[in-house]
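# What the coordinates show
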There are 2 protein chains.
Amino acid sequence: MPIVIFEPSGRRIECEAGANLLEVCWEHHIPIESLCGGNGACGRCTVQVTDGHVPVTDEQRIHFDENRLARGWRLACQTRADHNLRVNVPAPAGSLKSHIITNGEAPKVHVAPAVRKHFLKLNDATLREPLSDSERIKRALPDGAGLRFRPAALRKLPETLRQGRRHVTVTVWDGAVLDVEAGDTSKNCYGIAFDVGTSTVVALLVDLNTGDELGVAAALNTQRKYGEDVISRISFCREHADGVETLSAEITGLLSDLAAQVTAARGMDLRHVYEYVAVGNTTMAHLIAGVDPSPLGELPYAPVFTACHTMLDGPKGAQLGHRPFELPAAIGAYVGSDALSAVVALGLHTKPGTRLFYDIGTNAEILAGGRKRMLATSAAAGPAFEGVKIECGMIGVAGAIDTCTVHDGDLAFTTIGDVEPVGICGSGLVDIAAVLLDLGVIDPSGRLLARDACPDTVPPKVRERLHDGKTTTRIALAEDVYLSQRDVRELQNAKAAIAAGVDILLHHLGISPKDLDEVLIGGAFGSMLNPRSAQRIGVIPAVPLDKVRAVGNTALQGAKAYLLSTDVRHEICNARDHIELHELSTEPDFTDRFAAHMPFAAG
Amino acid sequence: MPIVIFEPSGRRIECEAGANLLEVCWEHHIPIESLCGGNGACGRCTVQVTDGHVPVTDEQRIHFDENRLARGWRLACQTRADHNLRVNVPAPAGSLKSHIITNGEAPKVHVAPAVRKHFLKLNDATLREPLSDSERIKRALPDGAGLRFRPAALRKLPETLRQGRRHVTVTVWDGAVLDVEAGDTSKNCYGIAFDVGTSTVVALLVDLNTGDELGVAAALNTQRKYGEDVISRISFCREHADGVETLSAEITGLLSDLAAQVTAARGMDLRHVYEYVAVGNTTMAHLIAGVDPSPLGELPYAPVFTACHTMLDGPKGAQLGHRPFELPAAIGAYVGSDALSAVVALGLHTKPGTRLFYDIGTNAEILAGGRKRMLATSAAAGPAFEGVKIECGMIGVAGAIDTCTVHDGDLAFTTIGDVEPVGICGSGLVDIAAVLLDLGVIDPSGRLLARDACPDTVPPKVRERLHDGKTTTRIALAEDVYLSQRDVRELQNAKAAIAAGVDILLHHLGISPKDLDEVLIGGAFGSMLNPRSAQRIGVIPAVPLDKVRAVGNTALQGAKAYLLSTDVRHEICNARDHIELHELSTEPDFTDRFAAHMPFAAG
């Protein structure tokens, strides 16, 4: 019987060979849109088959163009599961979007982007002074003398001048004319900032005239089918001759889809997007550039590039209108441009005082310091906080347990989207562990106690949830959802790695946690996290909780500022020199500190 | 019966349907190589079918790749003439090459090109300082700090470092890394300069380390099938929706072929050619850039661009390894970058004294002046001097009458390649006209006298050559080769336009011919021309003949200097501002002067 893995939840469902995908979703309560009841008319039940072959039928061709068909898009109601499949079901009514954080603390920027549009009313050339068209445009522009034309803009020029009767809008970027259009289109000037994570990718559409955010699109990183974390994707590149090409095509295709989606949602044309910027971990940056990330997976973990990288015609294979695409500078192999972008967004490198900043995803990126000195490191926390490698883990989408409390003598949960629990996401995991530690169901060594080994103070309803799993103790949370002893060990590994990393940075700065002015937590995880629980399990050092603050997606906000201000752009590229990168594996006492942080604090 | 037009001679041959092309060549004495006698084995009888369809057979596939097949290359011995065809038969043993001039007066340049190769022995990155590969390269290079990587070079970097065990050669161009290669390839650093004429295209391979010329390839401009002169090609663009695309593909394909040819002849790899520069008339520059030249064909004749234009990835559709391709600045619509390049090559704009410089092709480009002031114009001389629109005219290749004298009471001729005369090229035309003027066979009004109207001084053998043609008098030169009254009128038009142009420039400078220090004639025509004959027919003003000098292909030499020296590059771009462009049609007395120059000087 074929197995269908449904993304984003990761649920594996065994179904009849030839089963209708829409019906499988209905039967297993997988949220999916449908207005017509499954007869192929409404075109709402779109899914993306990311692994496994599904033939293209004429019904599908009505709803999708060749490009999207090639990328696996299908109507679920017209698709049968004949073999094993991996199917991404876009969350209906924005339930994915609402849990992918786009807002965050942002620098105040004076809007002065690299892209500028100028509406020009040119006079006719005369026989007495038959200046070339490009020359007349240059003379009409501020600082136009040294301006070059990009080949495509020059090719368009004669027809555009004819159409616009010499009234044209000229788009200038970095001393080059990118585009010419007939008439006045100077108001339509946009950029897109991407935050490219290992699990999720977010696109933010920005008005380059006003600085306004015009829309957001988000999706799971479709590279996930090649491995959950960056290490497994690097391995894929090392082990497959076309590995780099495959993963590059996957991410550039996804970026193209998101750009099309976020512009179409506003009825805009992709041709008015003049610049793209993508921040992300260094492996993602390499793959967007089409560069083999293999060296990131072997000693001494030296990246191929960390400096700002500009692709004038966009990434190879992307469908982004051949516009400039920027990958801002990264700090190192495992502290990416997202972290550097966050530093600038938060002004960590310029403000007085000393701060600790985390961005916890598959890897934890940790920065500590201030304007005098700033240190960075990354801790291989593993993807536990993204719900990965947790037996019932899932990323933070509909159905994920995201909080846990004790209520009425029992555990009580909320889920994202207020639906039946289908798994545990990172913030839920932290909350559950904190509650179980407080109750004494997990002891300081990390042991999940058997039912009869629990202290008497554990309420009977909680105690009854404990049972023996296949190999270790489990505690049931909901139907088919549980936390296992092995999950707790994963959590311990993750938190010990982060805590040891923080320890070492503070040690190098010669300070202790009490000297910290603030502890800032970035990213989606930070926004959903209960800080008290995080501190209870030891991810956050012992500081007063009023010093702890979730700052949102500062990486994306930094990328937006990069689009809007050439000053910020230079700051992001230069701030890197200010930051000392520490590789934890070269720290002689890392192992000791890691071991010391394995236990939890006593209740 | 199908008609086959053979290039470069332009001979039209009617042949049996299905005739074997190699046999047709043999039968009609068209020079073609063949070693195997026509059984498809030797692959030497290559021809290019530039017009008309010839199917691709398996025999052809053995000798040509898909690209060349698509561009019409075939073995003549395996090709049948089923329909009308236009076939270019490359001249054997360089007979075309030897009559396309590549050498010429050249500026002395200090070799300091934009392209530089650096062999680097990089150390391994360390865990203590895991600098990125690109960062280590930048630190090892002079002025490497601000260096960017072109996307393709960055993509190659990891594998190249691995292959070369960190010993790599880095190619830098204009602040960007163009390429990285394993090992030391720093000696292999080449550029190609093109001179793109309406009729002929020349490629010069240059060693960018030493400045040496390594090879030359030349071909007829395959755009000729769309029109002999630029005006007809501009019309083709105006009249056909895909006209620009067609002519662009034609010229970029030809440039790609010539680049492949000139490098292959030296056993070199095209990937070691790092920069291309093409000078030519402004229409050719537009078409190389893929820009519609239509505005050049309508009032006020304003070009789309005249400034230096760089195509970082080469012209669209060219197969030149996506390397930077430069189109240097032009002076105006009909005074192209070839003229500006010649000005700099000759130092006309910097030397003391006053000079007159011509480059006579389909159009005559005329420059006059010196370092204080320099004027330029173009005279629509028509293509008479390229042998076009002359009834038995042909370009200067094997079989063309190139000189004429009186010997033994009769006209005597030499031909290019010392073969039987098949037509008259430009220099032959000038010589013949001068001799006939001296003899009195042509009178000062330009009338070619009938046999019995000739003065008695005309030798009988010459007189016997005169006869009545279809509509006008003709003088027979060889079997099937003659000069007609109409040809003399074409010549008069051409020389009057040039002489009027010279007049006007000298008038604006306030000087007369006797004030000229030198009269310089550029291009292939200038090199083959008998200056005395040219002066006799009035193309060269009345100056002592020792002031007249053929300077060769100074445009190509200027382009070569552009490759070799960034200083020359700036000079070519800046010299333009020093030159005043005069449009003859706006000169009130142009028509009078033109009329005044129609007659020839009395004998």
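The paragraphs below set out a description of the structure included in this document. (Residues numbered from 1 in each chain as written. Chains lettered and ligands numbered in written order. Predicted model: local features only at pLDDT ≥ 70, side-chain atom pairs only at ≥ 80, totals over all residues. Heavy atoms only, no water.)

The next subject is the overall build of chain A. Broken down by element type, chain A carries 17 helices and 29 strands. The C-alpha atoms of chain A give 26 Å as radius of gyration, which agrees with the globular expectation for 603 residues (25 Å, within 12%). Counting only contacts in chain A whose residues sit at least 6 apart along the sequence, the fraction spanning at least 24 positions is 66%. Total accessible area on chain A is roughly 23,500 Å²; 49% of this is exposed by carbon and sulfur atoms. (Helix = DSSP H or I, 4+ residues; strand = E, 2+ residues; numbered from the N terminus. Rg over C-alpha atoms; globule rule 2.2 N^0.38 Å. Contact = heavy atoms within 4.5 Å. Areas by Shrake-Rupley, 256 points an atom, 1.4 Å probe, with all protein chains shown as cover.)

All names here are of chain B. It is at 5 Å that the axes of helix α15 (residues 554–564) and helix α16 (residues 566–575) come closest, and there the two elements cross at 125°. Put simply, α15 runs oblique to α16. In this structure, α15 crosses over α16, and the sense of that crossing is left-handed. Contacts between α15 and α16 involve G558, A561, Y562, L563 and L564 from the former and T566, V568, R569 and I572 from the latter. Of the residues assigned to the contact of α15 with α16, the class counts are 6 nonpolar, 2 polar and 1 charged. (Axes fitted to C-alpha atoms, helices over the stretch in contact; angles between N-to-C directions. Parallel < 35°, antiparallel > 145°, perpendicular 65-115°, else oblique. Left-handed = near helix turned anticlockwise from the far one by under 90°. Nonpolar A, V, L, I, M, F, W, Y, C, P; charged D, E, K, R; others polar.)

Before going further, it helps to spend a moment on the side chain of A:N88. Within the element layout of this structure, A:N88 appears in strand β7 (residues 85–88). With residues up to four places along the chain from it excluded, the contact list for A:N88 reads A:E7, A:P8, A:V47, A:Q48, A:T50 and A:L220.

Here we come to the state of the cysteines. All names here are of chain A. This structure, assessed with the given rule, holds 2 disulfides over all chains. Linked covalently through their sulfurs, C308 and C573 form a disulfide whose S-S length is 2.0 Å. The sign of the -95° torsion about the S-S bond sets the C308-C573 disulfide as left-handed. Remark: C573 occurs in helix α16 (residues 566–575) and C308 occurs in the loop between α8 (282–288) and β16 (309–311); sequence separation between them is 265 residues. (Disulfide = S-S within 2.5 Å.)

A word on the pairing of strand β10 (residues 167–173) of chain B. Residue and element names in this part refer to chain B. With 6 of 7 residues buried, β10 lies mostly within the body of the structure. Direction of pairing for strand β8 (residues 115–121) relative to β10: antiparallel, over a ladder of 7 bridges. Bridge pairing in β10 links K117 to T171. The sheet contact formed by β10 and strand β11 (residues 176–182) spans 6 bridges and is antiparallel. In the sheet register, T171 faces β11, and the bridge partner there is D179. (Buried < 20%, exposed > 50% of the residue type's maximum accessible area, 1.4 Å probe, protein only. Pairing = 2+ DSSP bridges.)

A word on the nonpolar core. One finds A:L367 and B:L367 to be the most contacted residues of the largest nonpolar core, which totals 84 residues. Beyond its immediate stretch of four places on either side in the chain, B:L367 contacts B:I331, B:A339, B:V343, B:R355, B:L356, B:F357, B:M374, B:L375, B:A376, B:L505 and B:I579. (Core = buried A, V, L, I, M, F, W, Y, C linked by side-chain atoms within 4.5 Å.)

With an RMSD of 0.2 Å, the operation that places chain A on chain B is a rotation of 180° combined with a shift of 0.1 Å along the axis. Taken together, the rotation and translation describe the operation of a two-fold axis. (Least-squares fit on C-alpha atoms with pLDDT ≥ 70 in both.)

Since one α-helical turn is 3.6 residues long, residues separated by three or four positions face the same way. Taking 1.5 Å per residue, 13 residues should reach 18 Å; helix α5 (residues 151–163) of chain A reaches 19 Å between its end C-alpha atoms and fits that length. If you look at α5(A), its biggest bend is around 45°, right at A:L157, and the proline A:P158 turns up within four residues after that. Looking at α5(A), one finds that the buried residues are A:P151, A:A153, A:L154, A:L157, A:P158, A:T160 and A:L161. In the core, the buried residues of α5(A) are packed alongside α4 (133–140), β9 (148–149), β10 (167–173) and β11 (176–182) of chain A together with β16 (309–311) of chain B. Downstream of α5(A) by one or two residues, A:R165 has phi in the positive range, about 45°. (Expected span 1.5 Å × (residues − 1). Bend = angle between axes of the 7 residues up to and from the residue.)

Before going further, it helps to examine empty space enclosed by the protein. Within the structure shown, the criterion is met by 7 cavities of 30 Å³ or more. There is about 100 Å³ of room inside the second largest cavity. Those elements that provide at least two residues to the lining of the second largest cavity are β16 of chain A together with α4 (133–140) and β9 (148–149) of chain B. (1 Å grid on protein atoms, 1.4 Å probe; cavity = no way out; pocket = protein on both sides within 12 Å on 5 of 7 lines; lining within 4 Å. Points joined across faces, edges and corners; volume = space filled by probe spheres on them.)

Turning next to the pattern of salt bridges. In total, this model carries 59 salt bridges over all chains according to the counting rule given. B:D313 is paired through a salt bridge with B:R150; the nearest N and O atoms lie 2.8 Å apart. You can see B:D313 sitting in the loop between β16 and β17 (325–327) and its partner B:R150 sitting in the loop between β9 and α5 (151–163), a full 163 residues away along the chain. When its relative accessible area of 13% is taken as the criterion, B:R150 is described as buried. One connected set of salt bridges, linked through shared partners, spans A:K117, A:E181, A:D269 and A:R271. (Salt bridge = Lys/Arg side-chain N within 4 Å of Asp/Glu carboxyl O.)

On the chain B side, the residues contacting the 45 residues of chain A number 45 residues. When the area that chain A buries against chain B is broken down by residue, the three leading residues are A:L127, A:L154 and A:R155, summing to 18%. Put simply, chain A and chain B have 2 salt bridges between them. Taking the shortest distance from any N to any O, the salt bridge between A:R162 and B:D292 comes out at 3.6 Å. Counting across the chain A and chain B interface gives 8 residue pairs in polar contact (both at pLDDT 80 or more). (Buried area = accessible area lost by both parts, 1.4 Å probe. Polar contact = N/O pair within 3.5 Å; in protein donor to acceptor, adjacent residues only side chain to side chain.)

This next bit is on unusual backbone geometry. Trans peptide bonds make up most of the peptide bonds, and negative phi angles are found at most residues other than glycine. Looking along the chain, the bond that leaves A:L299 and enters A:P300 is cis, with omega of -5°. Structurally, the position occupied by A:P300 is in the loop between α8 and β16. Non-glycine residue B:R165 carries a positive phi angle of around 50°. Among the secondary structure elements, B:R165 is positioned in the loop between α5 and β10. Positioned with a positive phi, B:Y301 is a non-glycine residue whose angle comes to about 55°.

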